[in-house]
Amino acid sequence: MKKIYSKKTKLSQTITSIALNNRASTVFLILISVIFLTLSILDPTKINPLRSTTTDIVSPVITFVSRPFEVIAQTITSVSGIASLRAENKSLQAENARLREWYQTALMLQAENQSLHKLLNVKIDNQHNYFTTRVISDVSNNFVKTIIINSGLSEGAKQNQAVLSGEGMIGRVIEPGQNTSRVLLLTDINSRLPVLIEGTNQKAILVGNNSDTPILRHLAKDAGIIAGSRIVTSGDGGIFPPNLPIGTIDRSLDGEVKVKLHSDIDNISFVRIVDTSLSKNLIRSQ
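Residues numbered from 1 in each chain as written. Predicted model: local features only at pLDDT ≥ 70, side-chain atom pairs only at ≥ 80, totals over all residues. Heavy atoms only, no water.

Further remarks concern the overall build of the protein. Within the protein, the regular secondary structure consists of three helices and 12 strands. Burial analysis of the protein (286 residues in total) assigns 24% to the buried set. Intrachain contacts of the protein at a sequence separation of at least 6 include 52% that bridge at least 24 residues. Summed over its atoms, the accessible surface of the protein is roughly 20100 Å², and 59% of this surface lies on carbon and sulfur atoms. (Helix = DSSP H or I, 4+ residues; strand = E, 2+ residues; numbered from the N terminus. Buried < 20%, exposed > 50% of the residue type's maximum accessible area, 1.4 Å probe, protein only. Contact = heavy atoms within 4.5 Å. Areas by Shrake-Rupley, 256 points an atom, 1.4 Å probe, with all protein chains shown as cover.)

And the structure:
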C-alpha cells in the first residue's frame, strides 16, 4: 500500500510540475508578446528587423508543416474534379445518345415526308442558299431603321433579297451598290412583309412602327391568336421565300398584336442574304 501511495504521490507531483511549467511558459510567452507589442508601438523601426528575421526562421517550418495538408487538399480537389468530370462525361454521353436518337427520327420523318409529297405530287419548296456579309454601318434613328452591309452587286446582292441574322429575318435589301448595300429593317415604318402564323392558315402583314416590336395588320377577327406562336414569311407575292423565321406573337394591352423578333437588331455584326439566284441555278442544273 505504501508503494502504491508513493507512486500516486510522485505522479501527482509530476502532473503538478508539468502544469506549473505550462503556466510559466504561457506567462513567459505573454510577457514576450507584450514586450514586442510595446516596442513596435514605441519604435517600429527597431522591431521590424526582428520581425523579418523571425519570419525568415519560421517560414520554412510553417511550409514544412503545412506541406502535407496542401498535398491532402490537392489530392481531395483532384479526386473531386475527376468525379465531377466523370459525372459530366456520363451526362454528355447520355445527351449525345438522345441526340442520335432524335437525328435518326428526323431522318426517318424526312424520308417519310418526301415519300408522301411524291405520292401526292406536291411541289417541295426549294432549299435556301445564303452568303454571309458584315454590317459596316448602322444609320438607324427615330425615323429611319436601316443598316449598311459590306456586300453589293459584285458579291451577288440584289434588290428585295431577304436578310437574316443567326436567329431570323431582319429586313430586305433596298439599295444594292457595287460593293455595299442598304438594308431596310423590319422595324422601319416603311416596312411591309406578308407573313404566316405557323401551324395555322392565318396570314397577315407585318408592319414596322419604328419600335422593337412591329405589329400584325389585316388579321381576321376570329383568328384566335395565341401568344408565343411563331411567325414566318408566307411567300405571298413571290418576293421572299416562304417559311423564313421572323419572331413570335406578343400581345399588347392596347389590343394590337405585336411581334417580338428573334433577332436583336441593335446587336448585329454579321448577316446572311438569301441568294435566290443560286437556288434557281441549282434547280436548272438538276
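The rest of the description comes next.
On to the environment of glutamate 175. Summarising the element assignment, glutamate 175 is placed in strand β4 (residues 169–176). Overall, the relative accessible area of 47% leaves glutamate 175 in the partly exposed class. Beyond its immediate sequence surroundings of up to four residues, glutamate 175 is in contact with Thr180, Ser181 and Arg182.

This part takes up unusual backbone geometry. Not every positive phi belongs to a glycine, and asparagine 210 is a case in point at roughly 65°. Within the secondary structure, asparagine 210 sits in the loop between β7 (203–207) and β8 (215–217). Of note in this structure, asparagine 243 is not a glycine but carries a positive phi near 70°. Tracing the chain through its elements places asparagine 243 in the loop between β9 (230–233) and β10 (245–251).

Turning our attention to empty space enclosed by the protein. Following the criterion strictly, the structure yields one cavity of 30 Å³ or more and no others. Roughly 40 Å³ of volume is contained in the largest cavity. Elements represented by at least two residues in the lining of the largest cavity include exactly β4, β5 (181–185) and β6 (192–197). Split into classes, the residues belonging to the lining of the largest cavity amount to five nonpolar, two polar and two charged. (1 Å grid on protein atoms, 1.4 Å probe; cavity = no way out; pocket = protein on both sides within 12 Å on 5 of 7 lines; lining within 4 Å. Points joined across faces, edges and corners; volume = space filled by probe spheres on them. Nonpolar A, V, L, I, M, F, W, Y, C, P; charged D, E, K, R; others polar.)

Here we come to the pairing of β5. Among the five residues that make up β5, four are buried, leaving the element largely enclosed by the rest of the structure. Strand direction decides the pairing type here: β4 and β5, joined by five bridges, are antiparallel. Its bridge partner lying in β5, glycine 171 is registered against leucine 185. As consecutive antiparallel partners, β4 and β5 are separated by four residues. (Pairing = 2+ DSSP bridges.)

Within the structure shown, the criterion is met by four salt bridges. Two residues, aspartate 236 and lysine 203, come together in a salt bridge whose shortest N-O distance is 3.3 Å. Taken together, the residues span a long stretch of sequence, with aspartate 236 in the loop between β9 and β10 and lysine 203 in strand β7 at a distance of 33 residues. Classification of aspartate 236 as partly exposed rests on a relative accessible area of 36%. Where glutamate 256 meets arginine 217, a salt bridge forms, and the shortest distance between an N and an O atom there is 3.9 Å. Placement of glutamate 256 in the loop between β10 and β11 (257–261) and of arginine 217 in strand β8 is noted, with a sequence separation of 39 residues between them. Classification of glutamate 256 as partly exposed rests on a relative accessible area of 32%. (Salt bridge = Lys/Arg side-chain N within 4 Å of Asp/Glu carboxyl O.)

Time to look at the packing of aromatic side chains. Considering all chains together, one arrives at zero aromatic pairs under this definition. Note that arginine 272 overlies the ring of tyrosine 130, its terminal NZ or CZ placed 4.4 Å from the centroid. (Phe/Tyr/Trp six-rings, centres within 6.5 Å; stacked < 30°, edge-to-face > 60°. Lys NZ or Arg CZ within 6 Å of the ring centre and 35° of its normal.)

Sheet topology note: the β9/β10 ladder contains three bridges and is antiparallel. Directly across from isoleucine 231, in β10, lies its bridge partner glycine 247. Looking at chain direction, β10 and β11 are connected through five bridges and run antiparallel. Looking across to β11, one finds that arginine 251 is bridged to valine 257.

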